Amino acid sequence: MAHVLLRYTLAPDYLARRGTLREAHLAFAWAAAEAGTLLLGGAVGDPPESALLLFDDAEAARAFAEQDPYVTEGVVTHWEVVRWTTVVGADAAIPIRPA
């Protein structure tokens, strides 16, 4: 399984603006998780300064970002999809053990 990160840059007024969109965003995210494409997701920092969402497919991550209410309504100001080469852990895409 490949791992792909969807990285969100949040608007400076993210906390003030997210309230009206949060239910729609969470419903959308949970639907993706229940479909099996979104593995984990959440804000980074306290207070949040960014967000990370882990997918198993780059196209699914892009499609998610293009439809996410946080993105379409401007609460997320920038997003990017990057491959994450996981090498340690039970679910690592490319497990590498020491010799």
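Residues numbered from 1 in each chain as written. Predicted model: local features only at pLDDT ≥ 70, side-chain atom pairs only at ≥ 80, totals over all residues. Heavy atoms only, no water.

Draft legend 1. Focus on the sheet that holds strand S2 (residues 38–44). Sheet architecture is open: four strands sit in the order S2-S3-S1-S4, paired in antiparallel fashion. In the strand order of this sheet, the two ends are held by S2 and strand S4 (76–83), each with one partner. The mean inter-strand angle of the sheet, taken between neighbouring strand axes irrespective of direction, is 15 degrees. Judged from the seven bridges that link them, strand S1 (residues 4–10) and S4 form a sheet pairing that is antiparallel. If you follow leucine 6 over to S4, its bridge partner there is valine 81. (Pairing = 2+ DSSP bridges. Helix = DSSP H or I, 4+ residues; strand = E, 2+ residues; numbered from the N terminus. Axes fitted to C-alpha atoms, helices over the stretch in contact; angles between N-to-C directions.)

Draft legend 2. Structural detail: the environment of leucine 39. Position of leucine 39 among the secondary structure elements: in strand S2. Take leucine 39: its relative accessible area is 33%, and that puts it in the partly exposed class. Separated by 60 residues in sequence, leucine 39 and alanine 99 have C-alpha atoms that sit 30 Å apart. Beyond its immediate sequence surroundings of up to four residues, leucine 39 is in contact with Met1, His3, Leu54, Phe55 and Asp56. (Buried < 20%, exposed > 50% of the residue type's maximum accessible area, 1.4 Å probe, protein only. Contact = heavy atoms within 4.5 Å.)

Draft legend 3. Layout of the packing of aromatic side chains. Counting across every chain of the model gives three aromatic pairs. Note on phenylalanine 28 and phenylalanine 64: the rings are 4.7 Å apart at their centroids and 25 degrees apart in plane angle, and the pair reads as stacked. Taken together, the positions of phenylalanine 28 in helix H2 (residues 22–35) and phenylalanine 64 in helix H3 (residues 58–67) put the pair 36 residues apart, joining distant regions of the chain. The exposure class of phenylalanine 64 is buried, given its relative accessible area of 3%. The structure contains a cluster of three or more aromatic residues connected by ring pairs, namely Phe28, Phe55 and Phe64. (Phe/Tyr/Trp six-rings, centres within 6.5 Å; stacked < 30°, edge-to-face > 60°.)

Draft legend 4. Inspection of the environment of aspartate 46 at higher detail. Within the fold, aspartate 46 resides in the loop between S2 and strand S3 (50–55). Its relative accessible area of 77% is what places aspartate 46 among the exposed residues. Note: C-alpha distance between aspartate 46 and arginine 17 (29 residues apart in sequence) is 16 Å.

Draft legend 5. Structural view of H3. Regarding H3, the residues found buried are Ala60, Ala61, Phe64 and Ala65. Projected down its long axis, H3 shows its buried positions confined to an angular sector of 135 degrees, all on one face. With respect to the buried face of H3, the exposed residues turned more than 90 degrees away are Glu59, Glu66 and Gln67. Packing partners of the buried residues in H3 comprise S1, H2, S2, S3, helix H4 (69–72) and S4. (Arc of directions from axis to C-beta.)

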